[in-house]
Amino acid sequence: MTTATPTRISRLRCIHCGHIADRADQDFRCPNCHDLFEVFFPGWQTSQGLRAHGHTAAELKSLWLERRARLEPESTSGVWRFRELLPALNDGHHPITLREGNTPLYDLPRCAQIARIEHLQAKHQGMNPTASFKDTGMTTAASFARQEGFRWVACASTGNTSASMAAYAARGGMRSLVLIPEGKISWGKLSQALDYGAVTCQLRTDFDGCMRILNEVVRRMPVYLLNSVNPYRLEGQKTAAIELLEQLNWQPPDHLIVPGGNLGNSSALGKALLEMKDLGLISRLPKLSVIQAAGANPFYRSFHEHHGRELVPMQADTLATAIRIGNPASWKKALKVVQATEGTVEQVGEVEIALAKAEIGSDGVGCEPASAVTLAGLKKLVRSGFVKGHESVVLILTGHVLKDPEFTLKFHRGDLFTGTAHEKEASLLAQQQRAPLVLDATVDAVVQTLKQLDS
Ligand code: F0G
């Protein structure tokens, strides 16, 4: 990367007490009040107002477009292409990149019809190198880990963070330690971490238990924490919103809808929206709304029952294992951006999630269960009148459909909810189920089937 000129210098600021630092401790917590840090950019202040790296909004837009024609890794990465809005690496340090970002924005005509709105699009962050949105934050945070000289990086995860971290650690020549809840992550994600060479520990606890243990481990061992309490992760994840606005020719949608687990992603996207508004890149803010699974809904409850004043941790349970989180670390950051953009928080049930996932599949797009909460939530927000039929909506799909094939197969075979409290309600799903047909190996059998289906 190029030299960190004064305007690009970023610092860390505690979101609670405002303490300012240039380096965080191993746990990325404020030494005074133990709350989280965020990155801020004092260098953006100029006599002509806020300018990232001295550029006007128009200059930034054309600079980022020009980079799309370039071939070096810092420009082909859909994260580092927006580096004026990111903390800079020191001279002589290069990003660890797998050419993350650059994800498609799809129209979802069938889902729009189902949700009863005119314009629905999805930004598919599952189209990243390790098939989830985590890569956009991992390229930045892993690069800072390497710059700081760490040999080991670590995370607690419901699966996607670990897959992403393991890949970026491997690319960057570092070793990685993964703590995951035993039996509660999909095989696809677990197998990725193994293939990318992580030391993978399945702990007999949930995600929140893994997080508690890892927080102790990083205090005792020289291991760099790559969970989203690490503010450099969120900086990279911001770029999904910047790229989205570029794809929309800088015309903000009315609503942006995001799944909520540990709440790092909603915080990051919201931070990007606020920064883009401050810098004059956009003229108004989309409403950012967060959707949680009803079985893992501490943020929903905090928002509606406690006006966001406190968050009561809970024992989480949902088949959308990616968001099976009861004590989300970044809830205060997420609260701030939901309030600042006048969004809301919604919850959706297990059957609603399964149905929405199949509906996203029926548009030829597909996603993993946690991503499907966005469509399920949108349907509720339309019914409640929070989203109007004529308003434009973008869903953030966070993970690829192949992340959790077991969920999809069980869904189509009709046994996803067998033996659970949702069994009766699940009869709603029959219309969307397409179990494989087992036929005799004859032309007649296939032709007969086609005729039946076509009639
Ligand atoms: N969607 C997917 C596919 C995820 O993997 C996650 C989080 C989320 C949504 C929620 O994002 O935590 O930023 O609110 N997965 C983490 C992990 C926790 O370990 O992979 P969030």
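As a reminder, the structure under discussion sits directly above these lines.
Residues numbered from 1 in each chain as written. Predicted model: local features only at pLDDT ≥ 70, side-chain atom pairs only at ≥ 80, totals over all residues. Heavy atoms only, no water.

Chemist: Just to check I follow, could you spell out the overall build of the chain for this structure?
Modeler: Scanning the chain for helices and strands turns up 15 helices and 15 strands. Here the C-alpha radius of gyration of the chain, 22 Å, is about what a compact globule of 455 residues would show, namely 23 Å. If one aligns the C-alpha atoms of the chain with their principal axes, the spans along those axes are about 75 × 50 × 50 Å. Taking all 455 residues of the chain together, the buried fraction comes to 58%. Summed over all atoms, the accessible surface of the chain reaches about 19,100 Å², with 50% contributed by carbon and sulfur. (Helix = DSSP H or I, 4+ residues; strand = E, 2+ residues; numbered from the N terminus. Rg over C-alpha atoms; globule rule 2.2 N^0.38 Å. Buried < 20%, exposed > 50% of the residue type's maximum accessible area, 1.4 Å probe, protein only. Areas by Shrake-Rupley, 256 points an atom, 1.4 Å probe, with all protein chains shown as cover.)

Chemist: Sorry, what's going on with the side chain of S289 here?
Modeler: As for its placement among the helices and strands, S289 is situated in strand β13 (residues 287–293). A distance of 3.0 Å separates a polar side-chain atom of S289 from the backbone nitrogen of T344. For S289, the residues in contact, after removing those within four places along its chain, are L256, I257, V258, G343, T344, L381 and F386. (Polar contact = N/O pair within 3.5 Å; in protein donor to acceptor, adjacent residues only side chain to side chain. Contact = heavy atoms within 4.5 Å.)

Chemist: Looking at this structure, I do not really get the pairing of strand β1 (residues 11–14). What am I missing?
Modeler: On any regular strand, side chains alternate: one points to one face of the sheet, the next to the other face. Of the two faces of β1, only one is covered, namely that formed by L12 and C14; the face formed by R11 and R13 stays uncovered. Pairing of β1 with strand β3 (residues 37–40), which is carried by four bridges, proceeds in the antiparallel orientation. What sits directly across from L12, in β3, is V39. Where β1 folds back onto strand β2 (residues 20–21) in an antiparallel hairpin, the turn is made up of five residues, including G18, whose phi is positive at roughly 80°. (Pairing = 2+ DSSP bridges.)

Chemist: When you look at helix α5 (residues 160–171) in this model, what are you seeing that I'm missing?
Modeler: Residue pairs spaced three or four apart in an α-helix point in one direction, given the helix's 3.6 residues per turn. In this model α5 runs 17 Å from its N-terminal to its C-terminal C-alpha over twelve residues, within 8% of the 16 Å that 1.5 Å per residue would give. Within α5, ten of the twelve residues are buried, which leaves the element mostly enclosed by the surrounding structure. Here α5 has its buried residues at N160, T161, S162, A163, S164, M165, A166, A167, Y168 and A169. The elements touched by buried residues of α5 are α4 (134–147), β8 (152–156), β9 (175–181), α6 (187–195) and α8 (231–247). Phi for G173, located one or two positions after α5, is positive at around 75°. (Expected span 1.5 Å × (residues − 1).)

Chemist: Even after reading the chapter, I still don't get helix α7 (residues 207–220), so can you show me in this structure?
Modeler: Compared with the 20 Å implied by 1.5 Å per residue over 14 residues, the 20 Å span of α7 between its first and last C-alpha is a close match. Regarding α7, the residues found buried are F207, D208, G209, C210, M211, L214 and V218. Packed against the buried residues of α7 are β8, β9, β10 (199–203) and β11 (223–225).

Chemist: Can you walk me through the site of the ligand in this structure?
Modeler: Looking at the ligand, there are 19 residues lining it, with S157, T158, N262, L263 and T398 nearest. L263 is positioned with one of its backbone polar atoms (N or O) 2.7 Å from an oxygen atom of the ligand. The cavity where the ligand resides is the largest cavity. Listed by contribution, the elements that provide at least two residues to the shell around the ligand are α5 and α9 (264–278). Grouping the constituent residues of the shell around the ligand by class yields six nonpolar, eleven polar and two charged. (Near = heavy atom within 4 Å. 1 Å grid on protein atoms, 1.4 Å probe; cavity = no way out; pocket = protein on both sides within 12 Å on 5 of 7 lines; lining within 4 Å. Sits in = over half its atoms within 2 Å of the grid points. Nonpolar A, V, L, I, M, F, W, Y, C, P; charged D, E, K, R; others polar.)

Chemist: Explanation requested: the nonpolar core in the structure shown.
Modeler: Side chains of nonpolar character tend, in soluble globular proteins, to be buried together. Core analysis: the largest hydrophobic core is formed by 92 residues, its most contacted members being L85, Y224, M276, L281, L288 and F299. It is α8 that contributes the most residues to this core, six residues altogether. Those residues in contact with L281 that sit more than four places away from it in its chain are A57, L60, K61, W64, L85, W250 and M276. (Core = buried A, V, L, I, M, F, W, Y, C linked by side-chain atoms within 4.5 Å.)

Chemist: Quick question: what am I supposed to make of the packing of aromatic side chains here?
Modeler: Here a ring pair, both rings aromatic, is described through the centre-centre distance and the interplanar angle of the planes. Across all of its chains, the model carries six aromatic pairs by this definition. With centroids separated by 4.4 Å and ring planes inclined at 5°, the aromatic side chains of F41 and W44 adopt a geometry described as stacked. The residues F41 and W44 share a single accessibility class, namely buried. Considering the side-chain rings of W64 and W250, the 6.1 Å spacing of their centres and the 35° angle between planes classify their relative orientation as tilted. With W64 in helix α1 (residues 57–67) and W250 in the loop between α8 and β12 (255–259), the pair connects residues that are 186 residues apart, well separated along the chain. Among the residues examined, W250 registers a relative accessible area of 10% and is labelled buried. A network of ring pairs unites the aromatic residues F28, F150 and Y224 as a single cluster. In this structure, K287 is placed above the aromatic ring of F386, and the distance from its NZ or CZ to the ring centre is 5.9 Å. (Phe/Tyr/Trp six-rings, centres within 6.5 Å; stacked < 30°, edge-to-face > 60°. Lys NZ or Arg CZ within 6 Å of the ring centre and 35° of its normal.)

Chemist: Before we go on, may I ask you to explain the pattern of salt bridges in this structure?
Modeler: Opposite charge on two side chains makes pairing possible when the charged atoms of those side chains draw close. Inspection of every chain in the model, using the stated rule, returns 21 salt bridges. Put simply, R11 and D22 hold a salt bridge, and the shortest N to O gap is 2.9 Å. Residue R11 is located in strand β1, and its partner D22 is located in the loop between β2 and β3; the two are separated by eleven residues in the primary sequence. As a salt-bridge pair, D27 and R219 come within 3.3 Å of each other at their nearest N and O atoms. With D27 in the loop between β2 and β3 and R219 in helix α7, the pair connects residues that are 192 residues apart, well separated along the chain. You can call D27 buried: its relative accessible area is 9%. Residues participating in the shared-partner salt-bridge network are E235, K238, K271 and E275. (Salt bridge = Lys/Arg side-chain N within 4 Å of Asp/Glu carboxyl O.)

Chemist: Explanation requested: the sheet that holds β8 in the structure shown.
Modeler: Pairing in this open sheet of four strands is parallel, and the strands run β10-β9-β8-β11 from one edge to the other. Single-partner strands in this sheet number two, and they are β10 and β11. Neighbouring strand axes in the sheet, compared pairwise and without regard to direction, differ in orientation by 25° on average. Strand direction decides the pairing type here: β8 and β9, joined by five bridges, are parallel. Bridging from a neighbouring strand, W152 pairs with R175 of β9. On top of the sheet, α5 reaches β8 and β9; it is set at about 170° to β9, its chief contact. (Axes fitted to C-alpha atoms, helices over the stretch in contact; angles between N-to-C directions.)

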